[in-house]
Amino acid sequence: MSAWMRLLFLLILMVSGCPVGPDDDDTTADDDDATTDDDELADDDDSGDDDDSGDDDDSAGIGDWQPLRDAIDASEIADVTVLIGTSAGTAFVHEKGASQSTTIYAIASASKWLTSATALALVEDGVLALDDTPQDHLSWWASDAGDPRSTITVEQLLSFTSGFDGAIDGVPCVEDGQSTLDACAREIHDSLHVYAPGSTFVYGPAHMQVVAAMASATTGERWNRLFRQQIANDLGMAALAGFALPSLDNPRAAGGGTASAEDYAAFLTALSSGTLLSAASLERMAADHTPDGVVLAEVPDAATDGRTWHYALGCWRECAGDTYTAACDDPGVLSSPGAFGFYPWWDQGRGFWGVVATQLVVAGGGAEVTVPLGQEWADLAAVALGR
């Protein structure tokens, strides 16, 4: 069975309610790293609930949300949840078809934003530094000053400019559930370094797999546990929100995450309110790390189909139109769309965020469907919010 077929099987299990995701070792209530329980999640003022789907409970007094509801219902997506919010929390929830705000999805590349935030939180804790090199944490990594692999930094790894090749399907070890983060990082080190660090952007899974291996080697913890400790637990994310695909020992740091719309809403609320990361970390996360001069060797269709986006740390810097202009450098939209259509964004300029949560297996990828729809829905949300 191919890696993609295995992932589709896991998706079916998750949608049907079967427990696929982080195991009890990282999520039980008796564990120090445990998530908050269901009662706490249900009482969280920032979380949407099922009652918000058909009424104005979460949007009363703000504006008219009906045009947005109508647009979502008129879309081609049969099962989708859309959440809109601000730094104060969720303001709008709409659930269509079988999708609910608590449905756990395989979020594919939306994982990248969570991995970046986890790494930056570890930087703030002194576990990593943005200018650390892999050999600072992996004893077997090339350390000869003449070897370009010895000059790679955490910041380059998070911005996909470390010099590693390997597009989305070009790094087999990240799909191997029998491997480990350390073993996979070794394979990447040995066979995939092609470009001078800092010179070339390659959108693929190699870079973040190395970051996760570095953090795991230094702390002795699985990547999923580090994510739970640094991000998920404090935000009350569900027990199945985390990194366990294809396995806990070798999670795909750039694409193996699982989460619900409600989970990601909690993340975006904390990120936009400045309670998750420091102002300095947010500034580095949002900065353009692929300016003119960096070769864009491998870029997904969602970022190039009538658009020219640049990359930050684990998220895109969206820009309208087919040319990246100086205006795009103003505080704009950060996003991290996934292959199955899960599409989170944070509009820094207009001061609100959104999550489109769905599972689409279509030619060209689900993001090709949800990104243009999400951008249209964001404009309707801005009107309702008075932004």
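Provided above is the structure to which this section pertains.
Every value quoted in this text rests on a predicted model; they were computed, and no experiment measured them. (Residues numbered from 1 in each chain as written. Predicted model: local features only at pLDDT ≥ 70, side-chain atom pairs only at ≥ 80, totals over all residues. Heavy atoms only, no water.)

A. Structural context of helix 8 (residues 206-219). End to end, helix 8 covers 20 Å across 14 residues, agreeing with the expected 20 Å (1.5 Å per residue, within 8%). For helix 8, every residue scored as buried is listed here: Ala206, His207, Met208, Gln209, Val210, Val211, Ala212, Ala213, Met214, Ala215 and Ser216. Contacts made by the buried residues of helix 8 are with helix 5 (111-124), helix 6 (154-158), helix 7 (181-191), strand 4 (200-202) and helix 9 (223-235). (Helix = DSSP H or I, 4+ residues; strand = E, 2+ residues; numbered from the N terminus. Expected span 1.5 Å × (residues − 1). Buried < 20%, exposed > 50% of the residue type's maximum accessible area, 1.4 Å probe, protein only. Contact = heavy atoms within 4.5 Å.)

B. Focus on the packing of helix 5 against helix 9. Viewed as axis vectors pointing N to C, helix 5 and helix 9 meet at an angle of 75°, and their least axial separation amounts to 9 Å. On the basis of their axis angle, the class for helix 5 and helix 9 is roughly perpendicular. Seen from helix 5, the contacting residues are Leu114, Thr115, Ala117, Thr118, Ala119, Ala121 and Leu122; seen from helix 9, they are Trp223, Leu226, Phe227, Gln230 and Ile231. The residue inventory of the contact of helix 5 with helix 9, partitioned by class, reads 9 nonpolar, 3 polar and no charged. (Axes fitted to C-alpha atoms, helices over the stretch in contact; angles between N-to-C directions. Parallel < 35°, antiparallel > 145°, perpendicular 65-115°, else oblique. Nonpolar A, V, L, I, M, F, W, Y, C, P; charged D, E, K, R; others polar.)

C. Local environment of the packing of helix 5 against helix 8. One can describe the packing of helix 5 onto helix 8 by two numbers: an axis separation of 11 Å at closest approach and a directional angle of 35°. Our pair here, helix 5 against helix 8, has a crossing hand that is left-handed. Packed against helix 5, whose contacting residues are Lys112, Thr115, Ser116, Ala119 and Leu122, the element helix 8 presents Met208, Val211 and Ala215 at the interface. Looking at the contact of helix 5 with helix 8 residue by residue, the classes come out as 5 nonpolar, 2 polar and 1 charged. (Left-handed = near helix turned anticlockwise from the far one by under 90°.)

D. Layout of the packing of aromatic side chains. Tallied over the full model, the rule gives 21 aromatic pairs. Consider the rings of Trp65 and Phe92, whose centres lie 4.7 Å apart with planes at 15°: the pair is stacked. Highlighted residues: Trp65 in the loop between helix 3 (38-42) and helix 4 (66-74) and Phe92 in strand 2 (residues 89-96), separated in sequence by 27 residues. Side by side, Trp65 and Phe92 carry an identical accessibility label, which is buried. One aromatic cluster is present, built from ring pairs that chain together Phe160, Phe201, Tyr203, Trp309, Tyr311 and Trp316. (Phe/Tyr/Trp six-rings, centres within 6.5 Å; stacked < 30°, edge-to-face > 60°.)

E. Highlighting the sheet that holds strand 6 (residues 257-259). Read across the open sheet, the 3 strands follow the order 3-6-5; overall the sheet is antiparallel. Both edges of this open sheet fall to strand 3 (105-108) and strand 5 (242-243), since each of them pairs with a single strand only. (Pairing = 2+ DSSP bridges.)

F. Highlighting the state of the cysteines. Taken as a whole and judged by the stated rule, the model has 2 disulfides. Cys173 shares a disulfide with Cys184; S-S distance 2.0 Å. On the sign convention where negative means left-handed, the S-S torsion of about 65° between Cys173 and Cys184 marks this disulfide as right-handed. Residue Cys173 is found in the loop between helix 6 and helix 7, and its partner Cys184 is found in helix 7; the two are separated by 11 residues along the sequence. On the basis of relative accessibility, which here comes to 4%, the residue Cys173 falls in the buried class. The class for Cys184 is buried, based on a relative accessible area of 0%. A sulfur-sulfur distance of 1.6 Å marks the disulfide that ties Cys319 to Cys328. This pair shows no difference in class: Cys319 is buried, exactly as Cys328 is. (Disulfide = S-S within 2.5 Å.)

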